[in-house]
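Given next are the chains, with one letter for each unit.
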Amino acid sequence: MSFVTKVLRRGLTTSALRMAAIKHVTVIGGGQMGVGIAQVAAQTGHQVTVVDQSEEILAHSKLSIERSLSRVAKKKFGEDLKAAESYSKSALSSISLSTDALAAVTKTDLVIEAIIENLQVKQELFSQLDKVAPQETIFASNTSSLPISDIAISTDRRDRFAGLHFFNPVPVMKLVEVVQISEQSDATFQSLMDFSKSLGKVPVVCKDTPGFIVNRLLVPYMMEAIRLVERGDASARDIDTAMKLGAGYPMGPFELADYVGLDVTKFIIDGWHEKFPNNPLFEPSPLLDQKVAQGKLGTKKGEGFYPYGKK
Ligand code: CAA
């Protein structure tokens, strides 16, 4: 882009290029991340539709939102049970559930995809949504590790496409990574920065590079912790204690890996290793592979590096 065009675009950002505020959000995927995003959007005055494949999954999503909302309400209102209940009720009433993604996006300002980490599945989804969503609707992916530009290529709205990466647990973690791609318009970027702030989050801007900012640092860190154990240099328990007490982290790397999911961690590192085989930071780990093969996927399965009791 020429200097003049850049200056012109920047100048227009605050006027003609500025989009209307995002009022309605469609979250595709009613899993842990999707429900967290939906909940926070509803809590902050947005209308939200959560889409997933079956009524059964959506019933589970609704239950998770109710549980988490009551924790947030308790924190906000303490012993004032009436105020807490009314807060939760009001947020819940802003959320609708649907199994029909195409119908859900016909009247929405923003689509946030939080489905399975599979590039082809994401591309197919966005390609279909692109045909029915309004022209001005912005598309965003909450992917942890796939390139945003590879997902956006399935649509004809690359100027209105971004990564919008939230952190688990979404109601607690303050950060949102707003990921730019080269075709993204200034208006789209600004709109997502404003939206993230309206959620009460702190947005940071990221290039479309592996892991953006947080996962680029966090995933190699967790992998090196696993390699420490593989080399017999320290135990998982001692490494966790060391990082909590010596570096001030709220969880040690093994607690965090269990919390994120060992399957998710393996998926990320395998994908990066395949793309960048010579980068030693992205080396897979036999111990992690073994845990995943044994179905020990972390807290969600009741066991990962640690046992958590039956789920
Ligand atoms: N919904 C609502 N509130 C929640 C919640 C949820 N799902 N989970 C925790 N909370 C609230 C609790 O109610 C509690 O509130 P109070 O302070 O009012 O009591 C507060 O958060 C702390 O929770 P807990 O007391 O249960 O436990 P804790 O103090 O050990 O904190 C934690 C839990 C917030 C998860 C903390 O351990 C932590 O910050 N861990 C690190 C998490 C992290 O690094 N996340 C990023 C993962 S990477 C990622 O998500 C990106 C990716 O792509 C893989």
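Residues numbered from 1 in each chain as written. Predicted model: local features only at pLDDT ≥ 70, side-chain atom pairs only at ≥ 80, totals over all residues. Heavy atoms only, no water.

Asker: Explain the overall build of the protein chain to me, please; I cannot follow it from the model alone.
Answerer: Helices and strands together make up the secondary structure of the protein chain, namely 13 helices and 8 strands. In terms of C-alpha radius of gyration, the protein chain reaches 20 Å, essentially the compact-globule figure of 19 Å for 311 residues. Across its three principal axes, the protein chain shows a C-alpha extent of roughly 60 × 55 × 35 Å. Partitioning the contacts of the protein chain with sequence separation of at least 6, the portion at a separation of at least 24 is 65%. About 15700 Å² of surface is accessible on the protein chain, with carbon and sulfur atoms providing 57% of the total. The distance from the centre of the 36 positive side-chain charges to the centre of the 35 negative ones in the protein chain is 5 Å. (Helix = DSSP H or I, 4+ residues; strand = E, 2+ residues; numbered from the N terminus. Rg over C-alpha atoms; globule rule 2.2 N^0.38 Å. Contact = heavy atoms within 4.5 Å. Areas by Shrake-Rupley, 256 points an atom, 1.4 Å probe, with all protein chains shown as cover. Lys, Arg positive; Asp, Glu negative; His and termini not counted. Charge placed at Lys NZ, Arg CZ, Asp CG, Glu CD.)

Asker: Help me understand helix H3 (residues 55-77) in this model?
Answerer: Counting along an α-helix, one turn takes 3.6 residues, and residues three or four places apart therefore face a common direction. Compared with the 33 Å implied by 1.5 Å per residue over 23 residues, the 32 Å span of H3 between its first and last C-alpha is a close match. Along H3, the residues classified as buried are Leu-58, Ser-61, Ile-65, Ser-68, Leu-69, Val-72 and Ala-73. Residues of H3 that are buried in the fold lie against helix H2 (32-43), strand E2 (47-51), helix H4 (81-93) and strand E3 (95-98). Gly-78 lies just past H3 and shows a positive phi near 55 degrees. (Expected span 1.5 Å × (residues − 1). Buried < 20%, exposed > 50% of the residue type's maximum accessible area, 1.4 Å probe, protein only.)

Asker: Quick question: what am I supposed to make of the sheet that holds E2 here?
Answerer: Two pairing modes exist for strands in a sheet, parallel and antiparallel, and in both the strands are linked by backbone hydrogen bonds. Taken in spatial order, the 8 strands line up as E3-E2-E1-E4-E5-E6-E7-E8 in an open sheet, and their pairing is mixed. Every other strand in the sheet has two partners, leaving E3 and strand E8 (202-206) as the edge strands with one partner each. Here the average twist between neighbouring strands, direction ignored, is 25 degrees. Against the sheet, H3 makes contact with E2 and E3, and its axis sits at roughly 160 degrees relative to E3, the strand it touches most. Here helix H6 (residues 119-132) sits on the sheet in contact with strand E1 (24-28), strand E4 (110-113), strand E5 (138-141) and strand E6 (161-165), set at roughly 170 degrees to E5. (Pairing = 2+ DSSP bridges. Axes fitted to C-alpha atoms, helices over the stretch in contact; angles between N-to-C directions.)

Asker: Which parts of the structure should I look at to understand the nonpolar core?
Answerer: Soluble globular proteins tend to bury their nonpolar side chains together. Ranked by internal contacts, the top residues of the largest apolar core, which has 36 residues, are Val-48, Leu-110, Ile-112, Leu-164, Phe-166, Leu-192 and Phe-195. Among the elements that take part in this core, H2 stands out by supplying 7 residues, more than any other. When sequence neighbours within four positions are dropped, the list of residues in contact with Phe-166 reads Met-33, Ile-37, Ile-112, Asn-142, Leu-175, Val-176 and Leu-199. With 22 residues, the next largest nonpolar core counts Leu-256, Ala-257, Phe-282 and Leu-288 among its residues. (Core = buried A, V, L, I, M, F, W, Y, C linked by side-chain atoms within 4.5 Å.)

Asker: So what exactly am I meant to see when it comes to the site of the ligand here?
Answerer: Near the ligand there are 19 residues, and of these Ser-68, Ser-144, His-165, Asn-168 and Asn-215 occur at the shortest range. Taking Asn-168, its main chain carries an N or O atom lying 2.8 Å from a nitrogen atom of the ligand. Across the complex, the protein chains shield 65% of the 1100 Å² of accessible surface that the ligand would expose by itself. Of all the secondary structure elements, the ones that give two or more residues to the shell around the ligand are H3, helix H9 (214-230) and helix H11 (253-260). When residues of the shell around the ligand are assigned to their parent elements, the largest contribution, 4 residues, is made by H3. Considered class by class, the residues forming the shell around the ligand number 12 nonpolar, 5 polar and 2 charged. (Near = heavy atom within 4 Å. Polar contact = N/O pair within 3.5 Å; in protein donor to acceptor, adjacent residues only side chain to side chain. Nonpolar A, V, L, I, M, F, W, Y, C, P; charged D, E, K, R; others polar.)

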